[in-house]
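# Structural characterization, general
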Amino acid sequence: MSASVAAGSAGALTVRNISKRFGGLVAVSEVSFSVAAGEIHALIGPNGAGKTTTFNMIAGAQLPDTGDVLLDGVSLAGLRPDQICRAGVGRTFQIVRPFNELTLVENVAVGALAWTDDLAEARDYARGVLELLGLGDKKEARPSSITLPDRKCLEVARALATKPKLLLLDEVMAGLRPTETDRMVAIFKKLNADTGLTILLIEHVMRAVMALSHRVLVLNYGRLIADGKPEEVTRDPEVLACYLGAEAFD
Amino acid sequence: MIARVIESASPRALALLAVVTAALLIAPYLVDSYVLSVLIIVLYFAYVGQAWNLMLGFAGQLSLGHALFVSLGAYTSAALFIKFGVPPVIGIFAAIAMAVVAGCLIGYLGFRFSIRGVYFALLTIAFAEFTGIIVDHISWLGASSGLFLPVKNQQSNDLLNLRGSPTMFYYVILALTGFAFALCSWLLNSKLGLYWQAIREDQEAAEASGVPLFRYKMIAVAISSGLTGIGGVWYAFYYNNLFPETMFKTSQSVEIILGSVVGGVGTLFGPILGAFVLTPLGEILTAATDGMHLDGVKSFFWGFCVAAIVLFRPQGLWPWIYDVLGLAPKKEGKR
Ligand SMILES: Nc1ncnc2c1ncn2[C@@H]1O[C@H](COP(=O)(O)OP(=O)(O)O)[C@@H](O)[C@H]1O
Ligand SMILES: [Mg+2]
């Protein structure tokens, strides 16, 4: 298909000591981790742990109070969200934010215009990405007329269309049926294998986390409490105590 | 590009467009001078409405101060003509520059400091009213007693100096309306247009998708204010008198936007349709209440009609007519 994402291993993410405070609440506290180019990492943790805030700081939507973020060794400090997008970071929003009056093709074409000025080319590319994500037959529909899981796919499509080196996925599999989750997992696996796309995903669906991730990061009350292989992390007593509970691993 | 727009439109829409265009082209030979004068005002509001709609309807930035751009265009070209004998065909460039500079200044302040929505609209109002007060005190521009263009008995139409018959002014404003329509339709179906619409729909999501918000909003304000300034040049030479107390007023700005609101914000035909509905409606009400010494009655009924339209067709009249007439395109393209 035409929507092949830029090949080659790139998209290494380094997060150094970032913190974010909202008034008296420390949402993210001195968090450091890195994602090697071409790897898939999951960021998990209970609601309110600071996962989305961490994404916002990586994508430039919120300024960190301390620390910085590097993409392939280059600091993203001081860049606006659109510049960080063009530098190779694609992101989705946990609460979907489609362009409601635009068709799906147009929604996704907005993303593709990050690397081309040719609207026809952007539309063609958008169609390819929509096919890839199983929205091919809804290309001319508007976001209001598709289901929530489809709108989550649309978020992914728009982010993918920017040709990211690093893709940030914020709970895109929440609310999907297990078969849909498996299909989505397969898509990300294939993208990762074929193009070396680096992925950091926030996810509660453990089925997806276990199937996809090379490593798992666990946030709790804004602090990073674990960073390791999936099978290690899921045995970590602190992780189990704070968040997971045995039933999560059914 | 034009080919693409035509290709994406339905045959019915093209037929309608052709009929309306043809009717407008021969109108001066078919109607009396009163109807012609109404048509001239209709086209003026269609033109400036189109320019305003580009900012709110396309890019999502609400201006309630577009009277400023009309006035700057009008005063600049009129002053150059009266004081220095500069013909409007040259003065128009200075007029555009003045309007664009003012638009960019307002845009810069609003977008740089994240003044959004109604607060941005208030900023546009403030600039318009404030500039009006300044002009009101500049005696070189006639201050509050107004600026007048010399009106001579014209033997023939002088297009370069914009001196001539109502028919000439009709064709000039018709050409401008056609130009603005073509330009907007082209812009809407370009990268610029798609970026504007993304900003209008959700600016954070647009920014995350690589849209530089500030730059694209500034482009929208610059084009919108520049187009509106051109309308001001036409206005000055058609009416021949300019008074700060009316020119810069918010009521003028509201008159500019009302056609688009009634016709359909964000659509290409909305501003044109709205002008064709509202201006004649105002004329009919004036005629109906003529000699009744009931000053408020006209305004009341006019407001009533506008409210009714907005209430029953909140998307404006155009999307509704578009569906009723079955004008939907084969694919893509904007209505
Ligand atoms: N813009 C904000 N203003 C104030 N508090 C916020 C804001 N965004 C997030 N928070 C708070 O910060 C904490 C972390 O939120 P978030 O990063 O969304 O958590 P998660 O995505 O892990 O569920 C929560 O307590 C949330 O209420
Ligand atoms: Mg979250």
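Rules behind the numbers
Residues numbered from 1 in each chain as written. Chains lettered and ligands numbered in written order. Predicted model: local features only at pLDDT ≥ 70, side-chain atom pairs only at ≥ 80, totals over all residues. Heavy atoms only, no water. Donors = N, O, S within 2.8 Å, 3.2 Å for Na, K, Ca; no water. Helix = DSSP H or I, 4+ residues; strand = E, 2+ residues; numbered from the N terminus. Buried < 20%, exposed > 50% of the residue type's maximum accessible area, 1.4 Å probe, protein only. Pairing = 2+ DSSP bridges. Contact = heavy atoms within 4.5 Å. Axes fitted to C-alpha atoms, helices over the stretch in contact; angles between N-to-C directions. Near = heavy atom within 4 Å. Polar contact = N/O pair within 3.5 Å; in protein donor to acceptor, adjacent residues only side chain to side chain. Domains from an automatic or database assignment. Nonpolar A, V, L, I, M, F, W, Y, C, P; charged D, E, K, R; others polar.

## Some remarks on the coordination of the magnesium ion (ligand 2)
All names here are of chain A. For the magnesium ion (ligand 2), the full set of protein donor atoms is Thr52 (OG1) and Gln94 (OE1), and the range of their distances to it is 2.0 to 2.1 Å. Here Thr52 is found in helix H1 (residues 51–59), whereas its partner Gln94 is found in the loop between strand E6 (89–91) and helix H3 (104–112), with 42 residues between them in sequence. The class of Gln94 is partly exposed, set by a relative accessible area of 30%.

## Re the sheet that holds strand E2 (residues 25–35) of chain A
Residue and element names in this part refer to chain A. What the four strands build is an open sheet, ordered E2-E1-E4-E5; its pairing is antiparallel. In the strand order of this sheet, the two ends are held by E2 and strand E5 (74–75), each with one partner. Across seven bridges, strand E1 (residues 13–22) lies against E2 in antiparallel orientation. Residue Val15 lies in a different strand from E2, and its bridge partner there is Phe33. Contacting E1, E2 and strand E4 (66–71), H1 runs over the sheet at an angle of about 115° to E1.

## Quick notes on the site of ligand 1
Residues and elements named next belong to chain A. In the region of ligand 1, the neighbouring residues are Phe22, Leu25, Ala27, Pro46, Asn47, Gly48, Ala49, Gly50, Lys51, Thr52, Thr53 and Gln62. Measuring from an oxygen atom of ligand 1, one finds a backbone N or O atom of Ala49 at 3.2 Å. In this structure, an oxygen atom belonging to ligand 1 sits 3.0 Å away from a main-chain N or O atom of Gly50. At the level of secondary structure, the elements contributing two or more residues to the shell around ligand 1 comprise E2 and H1. Ranked by the residues each element gives to the shell around ligand 1, the list is headed by H1, at three residues.

## Things to note about the domain arrangement of chain A
Residues and elements named next belong to chain A. The assigned domain composition of chain A is domain 1 (10–81 + 166–250) and domain 2 (89–163). Taking only C-alpha atoms, the centre of domain 1 and the centre of domain 2 are 23 Å apart. The partner domain 2 presents 15 residues to the 24 residues of domain 1 that form the contact. The interface formed by domain 1 and domain 2 holds seven residue pairs in polar contact (both at pLDDT 80 or more) in total. Among the secondary structure elements, those contributing two or more residues to the side of domain 1 that touches domain 2 are H1, strand E7 (166–170) and helix H6 (178–195). The dominant element in the side of domain 1 that touches domain 2, judged by the number of residues it contributes, is H6, at six residues. Classifying every residue of the side of domain 1 that touches domain 2 gives 17 nonpolar, three polar and four charged.

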